[in-house]
Amino acid sequence: MNVATLRGWLPDWFIRTIAFGSAPAPWRDSVRSAVTVPTVAGVGYAIGGPAIALISSLSALLVVLSERSGTTGQRTLRTAGALAAGTLAMVFGPATGGNGLAPLLVVLTFGLVSGLLSALGSGLSFAGMQLLVQMAVAGGVQIDISPTTRVTAYVLGGLAAISGMWLQSALERTDRLYVAALSQAVRALGACANAPAGGDASELRRAVETTLAAAAQLILTARPIRRARRAKLALYRSVLARVSVLVTVVRSTSVDARTAEALRAYAEEIAAITPSTRVEPHLTAPVAALLPATSLKPPRPVPVRRIVSAQLGHRRAWQFVARLLLCLFVAEFLRQITPFGHSYWIVLTVALCLKPDFASVFSRTLQRGIGTGLGVVIGWGATFFAAGYSVLPILAVLCAAIPWAVRRNYWAFSVIITPLVLLLLDYGGTVAPDVLLQRLVNTATGCAVVLVVGYALVPGTWWPPVDRESERVEADLARVTAAEPIASLVDRSLQRAAIASTLQAMRDRAEQANSEPRPIRVRALRWARVATCLEDRLMSASGPLMGGTTKHCSAPVAECRPRPGDGLQA
């Protein structure tokens, strides 16, 4: 059956749900993953048999899953947070086994902590999810080792995996990401500086603002430990001040081809910054002429307290906590009354599918169900050929595929991770068909809980509050474009970039809604029009782009908002 025939049988939103995304092959991550987990599992098996191999390899797998691209500090924060959450679950998670009120209260307490962590950002959001995942495993899997041995093996396995991550970061020189982010923003500025007006110019303008916002987020939230790195970040913040002002000035000033070429040369000088560099890159005359005569005060780092208070003070954070607790309550109740074994997979599935920075709970849950069904079959076949050390080559192959699968589609990742978990949980033993059936039924039950309790019954999930978000953007836009700004030129430029990044996120959310059923998809596309209208206001605040005047939305933003029966088609 070809793709055309498949599209004729299945709805478009389902095709988009199972479609693969495009991303470069992460070969280095695949090699590290293929080496780390089997090595930790093999050493654990040699020291203490299947029990130690299971516990240590679970933490190593957790570190592999938590690591993403970024600086060494960002990677360490994510992996250390996930390992700390997993360790906490290994200590208190066994209390969730059994039946009664006490396990339910423990699960809800874990859910409250997980929800609050998830509100603080994507890195801690993963730690919050793993807190629940490892809790479910610790409460559902019976292991005949002492609690001290369990925690020790878990921590050592995770630290071994973090050491591998540090080694890869040193080889890749992730400290160059600061320079790369700044250079990318200036390159984008040089590309759009003298571009002709039109659709391509709009995309180039968006690229400038989003790359500047990404560079500011990376540099202003960094908290290095070493004194030399802190000094280097001071240099990066000074360069960021120049770049942010250049973005604003170029938007409101006619720039010729010579100046555009000078901007591209300035980007190359930024990219050439090395650890030994102590002074800012040289400014050529055309670029220096764009900057004000007064010195530019570098922006200050964003205080951690402000980040935490802003996130936890947001109503949506507490709405997610309430939704998570409700789903966990239903899942734990079903776990205690279900006649099937391995019922902890119900809570496990809920924890994996509910996470505030997932693109879509609906599509994520469907992908989880599809991938688990296929993965169980693969895992069942793999257990016939795996016992003792013979498990390690199979683990290596599956682990090598994780970085590739997680970047393509969650259902592909579920296909890989399910047999991997089956091999670890039943280390050295064949899985009976009735056990596989139990896990499939429990996974389906968990997916049903998420789709009904955590999706259909919570309008904010499939009916995102983008109206309130657009109102906040309008208020920020009014402050930034005020006639008598109280903020410095650098701060205003960075605020503009942050607004543009928020608007891009609104458009991305509309794009992600392509995997939702049609009524939800239509409404998301209507709100994408609001984001475009707000962006036109932001762009027009700096005057026309060089290369011709750009037509901006002149109607009030309220007129761009969705109205019943406006005829917009998906």
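Everything numeric in this text was worked out from a predicted model, so none of it was measured. (Residues numbered from 1 in each chain as written. Predicted model: local features only at pLDDT ≥ 70, side-chain atom pairs only at ≥ 80, totals over all residues. Heavy atoms only, no water.)

**Quick notes on the state of the cysteines**
- Considering all chains together, one arrives at zero disulfides under this definition.
- Not part of a disulfide, C353 finds its nearest cysteine sulfur in C447, a span of 4.8 Å.
- A residue is classified by how much of its surface remains accessible, and C353, at 0% relative accessible area, is buried. (Disulfide = S-S within 2.5 Å. Buried < 20%, exposed > 50% of the residue type's maximum accessible area, 1.4 Å probe, protein only.)

**Describing the environment of A505**
- Tracing the backbone through its elements, the reader meets A505 in helix α23 (residues 489-512).
- Residue classification places A505 among the partly exposed residues on the basis of a relative accessible area of 38%.
- In sequence terms A505 and A528 are 23 residues apart; their C-alpha atoms lie 9.9 Å from each other. (Helix = DSSP H or I, 4+ residues; strand = E, 2+ residues; numbered from the N terminus.)

**A few points about the packing of aromatic side chains**
- A complete count under the given rule lists two aromatic pairs for this structure.
- Each ring, one from Y178 and one from Y236, has its centre 5.5 Å from the other, and the planes form 25°; the classification is stacked. Of the two residues, Y178 is situated in helix α9 (residues 176-193) and Y236 in helix α11 (residues 227-252); the sequence distance between them amounts to 58 residues. Like Y178, the residue Y236 is buried in the burial classification.
- Taking the ring centre of Y410 as reference, the NZ or CZ of R364 above it sits at 3.7 Å. (Phe/Tyr/Trp six-rings, centres within 6.5 Å; stacked < 30°, edge-to-face > 60°. Lys NZ or Arg CZ within 6 Å of the ring centre and 35° of its normal.)

**What to know about the side chain of S343**
- Examined against the element boundaries, S343 turns out to sit in the loop between α15 (315-337) and α16 (344-353).
- Looking at S343, the relative accessible area reads 11%, which means it is buried.
- A polar contact is formed between the side chain of S343 and the backbone oxygen of R335, at a distance of 3.3 Å.
- Excluding anything up to four places from it in sequence, S343 contacts R335, T338 and N442. (Polar contact = N/O pair within 3.5 Å; in protein donor to acceptor, adjacent residues only side chain to side chain. Contact = heavy atoms within 4.5 Å.)

**A short note on the nonpolar core**
- Counting residues in each nonpolar core, the largest one holds 80 residues, and the members touching the most others are L61, V350, L395, I402 and L420.
- Excluding residues within four positions of it along the chain, L420 makes contact with L61, L395, L398, C399 and I402.
- By size, the runner-up hydrophobic cluster in this structure holds 43 residues, among which are Y178, A185, L240 and V245. (Core = buried A, V, L, I, M, F, W, Y, C linked by side-chain atoms within 4.5 Å.)

**Here's the deal with a nonpolar patch on the surface**
- Residues L88, V91 and F92 make up a contiguous nonpolar surface patch of about 260 Å² in total accessible area.
- Within the secondary structure, V91 is located in helix α5 (residues 72-92). (Patch = residues over 30% accessible without salt bridge, like charges linked within 9 Å, V, L, I, M, F, W, Y side chains within 5 Å. Areas by Shrake-Rupley, 256 points an atom, 1.4 Å probe, with all protein chains shown as cover. Salt bridge = Lys/Arg side-chain N within 4 Å of Asp/Glu carboxyl O.)

**Topic: the pattern of salt bridges**
- Going through the model one piece at a time under the given rule, you end up with four salt bridges.
- Among the ionic pairs, D29 bridges to R32, the shortest N-O distance being 4.0 Å. Placement of both D29 and R32 in helix α3 (residues 27-48) is noted, with a separation of three residues, approximately one turn of the helix. Side by side, D29 and R32 carry an identical accessibility label, which is buried.
- The partner of E268 in a salt bridge is R187, and the shortest N-O contact between them spans 3.1 Å. One end of the pair, E268, is in helix α12 (residues 257-271); the other, R187, is in helix α9, with 81 residues separating them in the sequence.

**Notes on the packing of α3 against helix α4 (residues 50-66)**
- Running from amino to carboxyl end, α3 crosses α4 at an angle of 160°, the nearest separation of the two axes being 7 Å. The orientation of α3 relative to α4 falls into the category roughly antiparallel. Note that α3 runs across α4; the crossing there is right-handed. Together, S33, T36, V37, V40, A41, G44, Y45 and G48 of α3 and P50, A51, I52, A53, S56, S57, A60, L61 and V64 of α4 make up the contact between the two elements.
- Looking at the contact of α3 with α4, its residues break down into 11 nonpolar, six polar and no charged. (Axes fitted to C-alpha atoms, helices over the stretch in contact; angles between N-to-C directions. Parallel < 35°, antiparallel > 145°, perpendicular 65-115°, else oblique. Left-handed = near helix turned anticlockwise from the far one by under 90°. Nonpolar A, V, L, I, M, F, W, Y, C, P; charged D, E, K, R; others polar.)

**Observations regarding the environment of L290**
- On the secondary structure map, L290 appears in the loop between α13 (285-288) and α14 (304-312).
- Placed 45 residues apart in sequence, L290 and V245 show a C-alpha to C-alpha distance of 8.7 Å.
- In this structure, L290 is in contact with L246, V249, V250 and T259, ignoring residues within four places of it in sequence.

**Thoughts on the environment of H342**
- The residue H342 is located in the loop between α15 and α16 in this model.
- The exposure class assigned to H342 is partly exposed, which follows from its relative accessible area of 28%.
- Sequence separation between H342 and L436 is 94 residues, and the spatial gap between their C-alpha atoms is 9.6 Å.
- Once residues lying within four places of it in the same chain are set aside, the contact partners of H342 are V435, Q438, R439 and N442.
- A distance of 3.1 Å separates polar atoms of two side chains, one belonging to H342 and the other to Q438.

**Thoughts on the confidence of the model for the chain**
- On average, residues of the chain score 77 in pLDDT, and 75% of them reach the 70 mark or higher.
- Mean pLDDT values for the elements of the chain range from 52 in helix α25 (residues 557-560) up to 90 in helix α6 (residues 101-118).
- Low confidence marks residues 543-556, where pLDDT is under 50. Its contacts with residues over four positions away, or in another chain, come to 33 contacts. (pLDDT = per-residue confidence, 0-100.)

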